[in-house]
Amino acid sequence: MRQSFISQNPSVLWFLAALGLFTVVVTLMSEATGVGLISTSFVKTLGKTLCLCLIAIAMDVVWGYCGILSLGHFAFFGIGGYAIGMWLMYARTEAIVVPNLMAQTIPPTPQEISDAIGNQIFGVVGSAEFPMIWAFADSLFLQLLMVVLVPGLLALVFGWLAFRSRVTGVYLSILTQAMTLALSLYLFQNDSGLRGNNGLSGLQNIPGYEETSQAMISIVFLWGSALALALAYVFFAWVVSGKMGSVVKGIRDNEARVRFLGYHVESYKLFIFTITAIVSGIAGALYYPQAGIINPGELTPIASIYLAVWVAIGGRGRLYGAAIGAAFVSLLSSWFTGGGAPNINLGFYTIQWTDWWLVLLGVSFVAVTLFFPKGIGGLFDYLVRKPS
Amino acid sequence: MSTLLEVDGVTVTFDGFRAINSLSIQFAPAELRAIIGPNGAGKTTFMDIVTGKTKPDEGHVIWGDRNISLLGMSESQIAREGIGRKFQKPTVFEAQTVRQNLAMALKNPRGPFAVLMHKKTPKNAERIEAIATEIGLIDQLARVAGELSHGQKQWLEIGMLLAQDPKLLLVDEPAAGMTVEEREKTTDILRRAAETRAVVVVEHDMEFVRRLGCKVTVLHEGSVLAEGSLDHVTSNQTVIDVYLGRSHA
Ligand SMILES: Nc1ncnc2c1ncn2[C@@H]1O[C@H](COP(=O)(O)OP(=O)(O)OP(=O)(O)O)[C@@H](O)[C@H]1O
Ligand SMILES: [Mg+2]
């Protein structure tokens, strides 16, 4: 069965080979483990890009294959980031605070330790108490569980309510966007228990690995992100192939017809919505330790819209298209907005890419939608003359 | 004669307009029935009610030996009870192959996990091939459904119905847009299907209905106007006035 799945989906092997090659080449060119041609910060950018590819393929499954234009998947990504960020921040602060207290003549009580850590973390929002949601922050295992459970449960409950009422199309997009907006507005508040607009920071410091260089950590995360992307790719490719894929694509193209065939459409949507939400959470948990900081600004609705744009430009309904779109557009975006692209002097006006990049992106999006609905991934059809 | 489906005193209003007006109609387990009637008579709406798409304001829809009511059930539950439906406008999954279309319709467990773990079996492949032969698409199994001709799409949709192995097939205007030869073939498929199950065909084309050679029900303004053999109903003066009088090919 495994055999036939791979042989029927040769693009999976190609994708894995390309991803493996990419990761090895970056490793060999990095500062920590290679010749030093690629800076550590760029290794991190590439590692983060792999995480964006990961959420992009999840988005492709939910939108490109199942037809649900969710504008909530970046919220799940952010939740994953916050969940792992809480442990990173707690454990690291603990590692700094406890030795200090121990140096005093009277050994500190557990309460004093907790207060001191709380003071460090929540001082910026004028508080020292640990909010309820930090109850498990001292346990890496439990916070990792949160990375999966919180997006999964949120998607399950939200999806159940929305799909059961047969909310579809634009209305569903608006509803998911409202959910994302509500979440980011909540996180912006100082008493949200997650440090308001300061967000969580210092996430690049991995507790227990204080002696390890950031160069080395960046390589470990690069491999971790590549591995997660590879596993999710194989998993999703398996889900959208075969009979499940048939039903899911059927729902995208004609939901009512699938119902009259006897399928409970809502369960299928809920299944796809939830597994993609979980993968988005995992992507976020891998992304933010490489970014070093997460704040509510990251999960405003616009981020979820970008996600849809990447998938559309890369090519909906094919996983590698989504991954290519996310990598291509997000790297290009940081090149343009980071001042990498030279400004264009028109004499009467200078095009500053930091301002005009979004316009360019918007125009490209419209152009792709109108003239190349298959996106970048569609170019591969010219290479391989075989029906997809 | 036992009843498979009994529609009793059903009324549906759309914004005050009575599309179905205390309609009562019965079907036996293995019968072929044609429903005719002018545009807007409520033929499609009748199918919408039976398949759970439209909820009636009044009346009962009773199904099967166990006499269960279909009214509280969802579309997918009703389909799993054994009622298959072909739409007026052919609706197949155009992006997928003929084989995939049939495989999706094939009677098998319908839950997400069963479907996820589904493995192709020789038995299923045989059933798909048997149905494809029946509908004349055996050479087209690997083709994408969107490339099929209009008539072939209609047959594929009928094939999907057969694959569901329903006890009742509701077929809305199967011959629309078909050539004469295609119509003949469609009649044969439907007649054979009706040997083992109930088949209800809505059709405007009188020649087609004549070839089906079955009992005919005439609908008009949401209720039954006449019922019986084609000759019987076509000699009915009211039927001639409301339906046949309006030029029909
Ligand atoms: N969803 C709806 N909302 C409002 N009116 C409707 C709706 N569905 C059907 N109708 C009306 O109910 C009446 C019956 O429609 P129906 O489609 O059942 O007719 P039909 O017998 O199938 O006609 P045709 O031969 O044209 O297919 C028509 O007047 C139609 O306009
Ligand atoms: Mg109709």
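Residues numbered from 1 in each chain as written. Chains lettered and ligands numbered in written order. Predicted model: local features only at pLDDT ≥ 70, side-chain atom pairs only at ≥ 80, totals over all residues. Heavy atoms only, no water.

Glancing now at the layout of surface pockets. All names here are of chain A. Estimated volume of the second largest pocket: approximately 540 Å³. The wall of the second largest pocket is formed by 22 residues, among which Leu-52, Tyr-287, Trp-310, Ser-330 and Ser-333 lie closest to the centre. Only α3 (40–65), α4 (73–102), α11 (265–291), α12 (301–314), α13 (319–337) and α14 (353–371) provide two or more residues apiece to the lining of the second largest pocket. Take the lining of the second largest pocket: its biggest share by element is 6 residues, from α13. Class assignment of the residues belonging to the lining of the second largest pocket gives a composition of 13 nonpolar, 7 polar and 2 charged. (1 Å grid on protein atoms, 1.4 Å probe; cavity = no way out; pocket = protein on both sides within 12 Å on 5 of 7 lines; lining within 4 Å. Points joined across faces, edges and corners; volume = space filled by probe spheres on them. Helix = DSSP H or I, 4+ residues; strand = E, 2+ residues; numbered from the N terminus. Nonpolar A, V, L, I, M, F, W, Y, C, P; charged D, E, K, R; others polar.)

Right, let's get into the site of ligand 1. Residue and element names in this part refer to chain B. Residues in contact with ligand 1 amount to 13 residues; listed here are only the nearest, Asn-39, Lys-43, Thr-44, Thr-45 and His-204. Lys-43 places a side-chain nitrogen or oxygen 2.8 Å from an oxygen atom of ligand 1. When ligand 1 sits alone it has 630 Å² of accessible area, and the protein chains cover 63% of it. Contributions of two or more residues to the shell around ligand 1 are made by β2 (17–27) and α1 (43–50). Per-element accounting of the shell around ligand 1 gives the leading share, 3 residues, to α1. Here the residues of the shell around ligand 1 are counted per class, giving 4 nonpolar, 7 polar and 2 charged. (Near = heavy atom within 4 Å. Polar contact = N/O pair within 3.5 Å; in protein donor to acceptor, adjacent residues only side chain to side chain. Areas by Shrake-Rupley, 256 points an atom, 1.4 Å probe, with all protein chains shown as cover.)

A separate point is the coordination of the magnesium ion (ligand 2). Residues and elements named next belong to chain B. Those protein atoms acting as donors to the magnesium ion (ligand 2) are Thr-44 (OG1) and Gln-88 (OE1), and they sit at 1.9 to 2.4 Å. Of the two residues, Thr-44 sits in helix α1 while Gln-88 sits in the loop between β6 (83–86) and α3 (98–105), which places them 44 residues apart along the sequence. Of the residues examined, Gln-88 reaches a relative accessible area of 39% and is grouped as partly exposed. (Donors = N, O, S within 2.8 Å, 3.2 Å for Na, K, Ca; no water. Buried < 20%, exposed > 50% of the residue type's maximum accessible area, 1.4 Å probe, protein only.)

To continue, consider α13(A). Residues and elements named next belong to chain A. Its 19 residues place the ends of α13 27 Å apart at the C-alpha level, agreeing with the 27 Å of an ideal helix rising 1.5 Å per residue. Looking at the buried side of α13, the elements it contacts are α2 (10–29), α3, α8 (214–239), α12, α14 and α15 (380–383). Following α13 by one or two positions, Gly-339 has its phi on the positive side, about 80°. (Expected span 1.5 Å × (residues − 1). Contact = heavy atoms within 4.5 Å.)

This part covers the interface of chain B and chain A. Taken residue by residue, the interface counts 31 residues in chain B and 25 residues in chain A. Taken together, both faces of the contact between chain B and chain A bury some 2600 Å²; the carbon and sulfur share is 65%. Considering only the surface of chain B that becomes buried against chain A, B:Phe93, B:Met104 and B:Leu116 emerge as the three largest contributors, covering 24% of it. Viewed at the interface, chain A and chain B are joined by 2 salt bridges. Along the contact surface separating chain B from chain A lie 12 residue pairs in polar contact (both at pLDDT 80 or more). Only α2 (75–81), α3, α4 (112–116) and α6 (150–163) of chain B provide two or more residues apiece to the side of chain B that touches chain A. Considering only residue class, the side of chain B that touches chain A consists of 14 nonpolar, 9 polar and 8 charged. (Buried area = accessible area lost by both parts, 1.4 Å probe. Salt bridge = Lys/Arg side-chain N within 4 Å of Asp/Glu carboxyl O.)

Moving on: the confidence of the model for chain A. Summarising the model, chain A shows a mean pLDDT of 91, and 98% of its residues fall at 70 or more. By mean pLDDT, the top-scoring element of chain A is α11(A) (97), and the lowest-scoring one is helix α1 (residues 2–8) of chain A (69). (pLDDT = per-residue confidence, 0-100.)

Residues and elements named next belong to chain B. Across the sheet, 6 strands lie side by side as β6-β7-β8-β3-β9-β10; this open sheet has mixed pairing. Pairing within the sheet leaves two strands with one partner each, and these edge strands are β6 and β10 (223–228). When the angles between neighbouring strand axes are averaged without regard to direction, this sheet yields 20°. Pairing analysis gives 5 bridges linking strand β9 (residues 215–220) to β10, with the strands arranged antiparallel. Note on β10: the bridge partner recorded for Thr-217 is Glu-227. Here helix α7 (residues 180–193) sits on the sheet in contact with β3 (32–36), β7 (168–172) and β8 (198–202), set at roughly 145° to β8. Docked against the sheet, helix α10 (residues 237–244) engages β3, β9 and β10, running at close to 120° with respect to β10. (Pairing = 2+ DSSP bridges. Axes fitted to C-alpha atoms, helices over the stretch in contact; angles between N-to-C directions.)

Membership of the largest hydrophobic core comes to 171 residues, with the highest contact counts inside it found for A:Ile57, A:Phe74, A:Trp134, A:Phe236, B:Leu102, B:Leu156 and B:Val199. Top contributing element to this core by residue count: α4(A), with 17 residues. Contact partners of A:Phe74, with chain neighbours within four places excluded, come to A:Leu52, A:Ile55, A:Tyr288, A:Glu298, A:Leu299, A:Ala303, A:Ser304, A:Leu307 and A:Trp310. B:Val7, B:Leu23, B:Val50 and B:Met73 belong to the second-largest nonpolar core, a separate cluster that totals 27 residues. (Core = buried A, V, L, I, M, F, W, Y, C linked by side-chain atoms within 4.5 Å.)

The next point concerns the sheet that holds strand β1 (residues 5–14) of chain B. Residue and element names in this part refer to chain B. Strands sit in the order β2-β1-β4-β5 across an open sheet of 4 strands; the sheet is antiparallel. Edge positions in the sheet fall to β2 and β5 (68–69), since each has one partner strand and no second. In terms of strand pairing, β1 meets strand β4 (residues 58–63) through 5 bridges, oriented antiparallel. Bridge pairing in β4 links Leu-5 to Trp-63. Relative to β2, α1 is tilted by about 65°, and along the sheet it contacts β1, β2 and β4.

Turning to empty space enclosed by the protein, a few remarks are in order. Residue and element names in this part refer to chain A. Taken as a whole and assessed by the stated rule, the structure comprises 1 cavity of 30 Å³ or more. Roughly 30 Å³ of internal volume is contained in the largest cavity. Taken together, Lys-44, Gln-204, Gln-214, Ile-217, Ser-218, Phe-221, Pro-289 and Gln-290 make up the full set of residues lining the largest cavity. In terms of residue count, α8 provides more of the lining of the largest cavity than any other element does, 4 residues in total. When the residues that make up the lining of the largest cavity are grouped by side-chain class, the tally is 3 nonpolar, 4 polar and 1 charged.

A word on the packing of α4(A) against helix α5 (residues 110–122) of chain A. Residues and elements named next belong to chain A. Where α4 meets α5, the axes come as close as 9 Å, and the angle between the chain directions of the two elements is 125°. Considering the angle they form, α4 stands oblique to α5. The chirality of how α4 crosses α5 is right-handed. Contacts from Met-89, Tyr-90, Thr-93, Glu-94, Val-97, Val-98 and Leu-101 in α4 reach Glu-112, Ile-113, Ala-116, Ile-117, Gln-120 and Ile-121 in α5. Residues of the contact of α4 with α5, tallied by class, amount to 9 nonpolar, 2 polar and 2 charged. (Parallel < 35°, antiparallel > 145°, perpendicular 65-115°, else oblique. Left-handed = near helix turned anticlockwise from the far one by under 90°.)

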